[in-house]
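Now for the letters of each chain:
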Amino acid sequence: YDSPTLKIDDPATLEALKNAADLLGQGKCVAFPTETVYGLGADATSTVGVNSIYAAKQRPLDNPLIVHVGSLRQLRGILAPSDSTTNTNGHTMNTDGGEIPEVYDALISKFWPGPLTILLPLPTNSPLSAAVTAGQPKFAARLPSHPIAQALCHLSSLPLAAPSANASGNPSPTSASHVFTDLRNRIPLIIDGGPCSVGLESTVVDGLRDPPVVLRPGGISVEAIRELGGVWARTVTSRASLDDAADSSIIPEAPGMKYKHYSPRAGVILYEFGTRPPCGKDLVRSTILSGKNFNGKVGILRTRTWKAGIGELTLDCLRSESSDVKSEFYGNEGVGGLTVVEMGLGKGGEEIGRGLFAALRELDDAGVDVIHVEGIEEVHEGLAIMNRLRKAASVVVRTVW
Ligand code: TXA
Ligand code: MG
């Protein structure tokens, strides 16, 4: 990918992408598709541009951004800014630049372009705006495989700082309509490239630590990374398991991961893998407990073992429920019954990952009060999926059936 050839046949598409590149050159931000999720990109060398991202998303300023590049050459240009030249946008960027640390060689040749983000030393003379790294000593970089993301880096000749293009705290956007819902009237352009093929954000790794660590599970599994050799440690999500951890290979997560993430409006109740599906009583109690805008509507997201038709079963179950549960439920003013909206996320990890964020948003749009989600095993794609679900969940049910 040092000399990528990008062929965009359709003149209208090329024209649109050039317009987007112009906006980026002017320090504006643009939402664009990547293979993972939609990104909200701006010139990573422009503080005005980068600040417009934080403002549009209402993102906390201490949560650093990933720098997207169109080629390794462009990345090397950030690493060694000393022998620099000035490009047409007036930004100082060298052309050949410094070396990428060897620890990443195997990962880059196997997974780039693709859903992997690596941490790199921030050069003293960095052309990146300080707002990109938010005080971190390293910067994060990724070479995305999506042709539109690549085209924008090439047409603008800019490295693009880009977080996910959701309003901060919401599930990441996996279609242009999700971006529109969250950021309409806040950004000048959304490029619609259809649904994202991966659906979960990139895996973030720091190979400069000893031991090297996977800071955020994502589109590339930890197993696939370890297969290439090296003792890659990984992080844990909950504070409790962090305190418990006698294992020094388990360390706190990447900066920014402490913030509320991936949360739909509805409460999320996550069932650990192997837990029985909720019965009528569970649905009623959790719906009542969820509080505020109670309207007797619950969502169910099935994955591997829960069978379709839980909603019907639970209504049966409800009818035979003890009178206290019934009165608890039917006693609520204005509630005529329980409506259950069920969706299957699929059985395979890839499929579940691709549809997860869209399903959370869809159930929100359906106006459910709570979403009951069947968890999966934390292997392969399951690790990233459960990481996102744990962050979205207000309750985790642990009793195994
Ligand atoms: O797939 C993705 O990674 C998507 C697409 C748009 O590329 N981007 C994305 O960005 O998910 P964002 O901002 O939602 O998540 C970036 C995360 C941060 O929360 C932080 O954990 C980590 O990447 N990160 C970024 N820069 C870092 C740095 N300098 N040091 C440590 N971690 C960093
Ligand atoms: Mg994000």
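Scroll up a little and you will see the structure.
As a starting point, this report considers the structure included with it. These numbers were taken from a predicted model, which means no experiment stands behind them.

A few words now on the sheet that holds strand E15 (residues 339-344). With respect to topology, five strands assemble into an open sheet ordered E15-E14-E16-E13-E17, the strand pairing being parallel. Only two strands of the sheet have a single neighbouring strand rather than two, namely E15 and strand E17 (395-397). Neighbour to neighbour, the strand axes of the sheet diverge by 20 degrees on average, direction disregarded. Sheet topology places strand E14 (residues 297-302) next to E15; six bridges connect them, and they run parallel. Opposite arginine 302, over in E15, you have glycine 344 as the bridge partner. Docked against the sheet, helix H13 (residues 349-365) engages E14, E15 and strand E16 (370-374), running at close to 165 degrees with respect to E14. Across the face of the sheet, helix H14 (residues 381-392) comes into contact with strand E13 (267-271), E16 and E17 while running at roughly 135 degrees to E13.

Right, let's talk about the pairing of E16 for a bit. Counting buried positions over the five residues of E16 gives five, a clear majority of the element. For E14 and E16, the ladder comprises four bridges, and the chain directions are parallel. Residue glycine 299 lies in a different strand from E16, and its bridge partner there is isoleucine 371.

Tallying each qualifying case throughout the model produces one aromatic pair. An angle of 75 degrees between the planes, with centres 5.1 Å apart, marks the rings of tyrosine 271 and tryptophan 306 as edge-to-face. On the criterion of sequence distance, the pair formed by tyrosine 271 in strand E13 and tryptophan 306 in the loop between E14 and helix H11 (310-319) is long-range, its members being 35 residues apart. On the accessibility criterion, tryptophan 306 (4% relative accessible area) is buried.

Omega for the bond connecting tryptophan 112 with proline 113 falls within 30 degrees of zero, at -5 degrees, which places this linkage in the cis form. Residue proline 211 follows aspartate 210 across a cis peptide bond; omega there is -5 degrees. Position of proline 211 among the secondary structure elements: in the loop between strand E9 (203-206) and strand E10 (213-216). One non-glycine residue with positive phi stands out, namely serine 157, at about 55 degrees. Tracing the backbone through its elements, the reader meets serine 157 in the loop between helix H6 (147-156) and strand E8 (160-161). On the accessibility criterion, serine 157 (34% relative accessible area) is partly exposed.

A separate point is the packing of helix H1 (residues 11-25) against H6. One way to put it is that H1 packs onto H6 with a least axis distance of 9 Å and a crossing angle of 60 degrees. The angle between H1 and H6 falls in the class oblique. Every pair of crossing elements has a handedness; the one defined by H1 and H6 is right-handed. Contacts between H1 and H6 involve Leu14, Leu17, Lys18, Ala20, Ala21 and Leu24 on the former and, on the latter, Ile148, Ala151, Leu152, Leu155 and Ser156. Class assignment of the residues belonging to the contact of H1 with H6 gives a composition of nine nonpolar, one polar and one charged.

Here strand E7 (residues 138-142) lies mainly inside the structure; four of its five residues are buried. Bridge count between strand E3 (residues 66-68) and E7: three bridges; the pairing is parallel. Bridge pairing in E7 places valine 67 opposite alanine 141. Examined bridge by bridge, strand E6 (residues 116-121) and E7 share four bridges and lie antiparallel to one another. Among the inter-strand pairings, leucine 119 is bridged to a residue of E7, identified as alanine 140.

Quick look at the environment of asparagine 295 now. Here asparagine 295 lies in the loop between helix H10 (280-289) and E14. Once you skip the residues sitting within four places of it in the chain, asparagine 295 turns out to touch Gly367 and Asp369.

The next subject is the environment of isoleucine 187. For isoleucine 187, the position within the fold is in the loop between helix H7 (176-183) and E9. In this structure the C-alpha to C-alpha distance between isoleucine 187 and serine 52, which are 135 residues apart in sequence, comes to 8.7 Å.

Analysis parameters
- Counting restarts for each chain: residues are numbered from 1 in the order of the written sequence.
- Ligands are numbered from 1 and chains lettered from A, in the order in which they are written.
- In view of the model being predicted, local features appear only for residues whose pLDDT reaches at least 70, and side-chain atom pairs are presented and counted only at 80 or more, with totals across whole chains, interfaces and linings using the full set of residues.
- Based on all heavy atoms of the structure, the side-chain values leave hydrogens and waters out of the count.
- At least two DSSP bridges between two strands are needed for those strands to be called paired.
- Helix numbers and strand numbers start at the N terminus; a helix is a DSSP run of H or I with at least 4 residues, a strand a run of E with at least 2.
- Throughout, an axis means a line fitted to C-alpha atoms (over the contacting stretch in the case of helices), and angles, computed between N-to-C directions, take values from 0 to 180 degrees.
- Contact definition: two residues touch when any of their heavy atoms are within 4.5 Å.
- Accessibility here uses a 1.4 Å probe with only protein chains present; expressed as a share of the type maximum, an area under 20% marks a residue as buried, one over 50% as exposed, and anything in between as partly exposed.
- Between 30 and 60 degrees the pair is tilted, below 30 it is stacked and above 60 it is edge-to-face, where a pair is any two Phe, Tyr or Trp rings, Trp via its six-membered ring, whose centres lie within 6.5 Å.
- Small angles under 35 degrees read as roughly parallel and large ones over 145 as roughly antiparallel, with 65 to 115 read as roughly perpendicular and the rest as oblique.
- By convention the crossing between two helices is left-handed if the near helix lies anticlockwise of the far one by an angle smaller than a right angle, and right-handed if it lies clockwise.
- Charged residues are taken to be Asp, Glu, Lys and Arg, nonpolar residues to be Ala, Val, Leu, Ile, Met, Phe, Trp, Tyr, Cys and Pro, and polar residues to be all remaining types, Gly included.

From the geometry alone we can't say anything about function, so treat these as descriptive.
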